[in-house]
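What the coordinates show
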Amino acid sequence: MNDHREAPLLDVRSLAVSYGDVEVIWQADLMVPKGSIVALIGSNGAGKTTLLRTIAGALPPRQGAIRVDGTDVTGDTARDRVRRGLVLVPEGRRLFTGLSVYDNLLLGAYARADKAEAKRDVERMYALFPRLAERRRQDASTLSGGEQQMCAIARGLMAAPRLLLIDELSLGLAPSVVEELITALKRINRDGTSLLVVEQDVAVAFDFADLAYVLDQGRSGAGGPVADVAADPAVRRAYLGI
Ligand SMILES: Nc1ncnc2c1ncn2[C@@H]1O[C@H](COP(=O)(O)OP(=O)(O)O)[C@@H](O)[C@H]1O
Ligand SMILES: [Mg+2]
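A short tour of the structure in this document, coming up.

Reading the values: the criteria
- Residues numbered from 1 in each chain as written.
- Chains lettered and ligands numbered in written order.
- Predicted model: local features only at pLDDT ≥ 70, side-chain atom pairs only at ≥ 80, totals over all residues.
- Near = placed C-beta within 6 Å.
- Helix = DSSP H or I, 4+ residues; strand = E, 2+ residues; numbered from the N terminus.
- Nonpolar A, V, L, I, M, F, W, Y, C, P; charged D, E, K, R; others polar.
- Core = buried A, V, L, I, M, F, W, Y, C linked by C-beta atoms within 7 Å.
- Buried ≥ 20, exposed ≤ 12 C-beta atoms within 10 Å, placed from the backbone.
- Contact = placed C-beta atoms within 7 Å.
- Expected span 1.5 Å × (residues − 1).
- Arc of directions from axis to C-beta.

In the vicinity of ligand 1, the residues found are Tyr-19, Val-22, Val-24, Gly-42, Asn-44, Gly-45, Ala-46, Gly-47, Lys-48, Thr-49 and Thr-50. Where the shell around ligand 1 is concerned, the elements lending two or more residues are β2 (22-32) and α1 (48-56). For the shell around ligand 1, the residue count by class is four nonpolar, six polar and one charged.

Set out below in structure tokens:
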């Protein structure tokens, strides 16, 4: 691909990933256009976390290519990908225990050179998630599940991502908290950050994403504009029970 202006922000082609000899992803294809919100759905064990970790550079693929703005980053380290703007909010949030909300947020900016600007960004995170402002001095491990997710997303944003990858946005959280998170994500997206979100609640995913992709036992299934995927009879049967 020579015309990088036309390339999607993220382009995943024919990806295959294994843990040792155990093949987990056989054929994954996915695209995130600039400025979009993309949902990745699929049942437990389908390989969603593996796919996100591979995109973020935590796992090497066995086959296939990952491109950012048309540039092949398949061989790049995780740190290089953070510099390119790919930032992962991991499953289970993985906050730094024993550190305050504030310190967790600042650590999110570790790869940035503009430390003064990063400090100003902490204030932007507090504006986005007022609950974090109230708890800025609190040990992050003492936050509620919803607050931990806010802190994990804010920490990810502190890396100044162009594409934020979020693994299991709503898992274990109350519907009112999920609504709060989605309102914040829509704002983040309006401000220019693209999103790739693994979401087990398919109705929630269809509600806020522009595009959706199904991963079924390590293979890409339906994918495209959310209205098309939501109308797919196989998707409706498998994931919506209708
Ligand atoms: N570190 C690992 N080593 C070996 N197998 C793993 C590892 N992590 C996940 N798996 C396996 O890979 C498959 C996909 O897992 P995962 O990517 O976590 O799926 P999902 O996030 O869709 O639930 C599962 O069968 C899981 O048991
Ligand atoms: Mg997972």
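Turning next to the nonpolar core. Formed by 69 residues in total, the largest nonpolar core has its most connected members in Val-38, Ala-154, Leu-165 and Val-197. With six residues, the top contributor of residues to this core is helix α6 (residues 145-157). In this structure, Leu-165 is in contact with Leu-52, Ile-55, Ala-56, Leu-86, Val-87, Leu-88, Val-89 and Leu-196, ignoring residues within four places of it in sequence.

For the rest of this paragraph, the subject is the environment of Ala-109. The topology assignment puts Ala-109 in the loop between α3 (101-107) and α4 (115-128). The exposure class assigned to Ala-109 is buried, which follows from the 20 C-beta atoms found within 10 Å. Expressed as a C-alpha distance, the spacing of Ala-109 and Gly-156, which sit 47 residues apart in the sequence, is 8.3 Å. Not counting the four nearest positions on each side in its chain, Ala-109 is found in contact with Ala-118, Asp-121, Met-158 and Ala-159.

Attention now moves to helix α7 (residues 175-190). An ideal rise of 1.5 Å per residue puts 22 Å on 16 residues; α7 measures up with 22 Å between its terminal C-alpha atoms. When α7 is considered as a whole, its buried residues turn out to be Leu-181, Leu-185 and Ile-188. Buried positions in α7, seen along its axis, are confined to an arc of 55° and lie on one side of it. Away from its buried face, by an angle of more than 90 degrees, α7 presents the exposed residues Pro-175, Ser-176, Thr-183, Arg-187 and Arg-190. For α7, the secondary structure elements touched by its buried residues are α6 and β8 (194-198).

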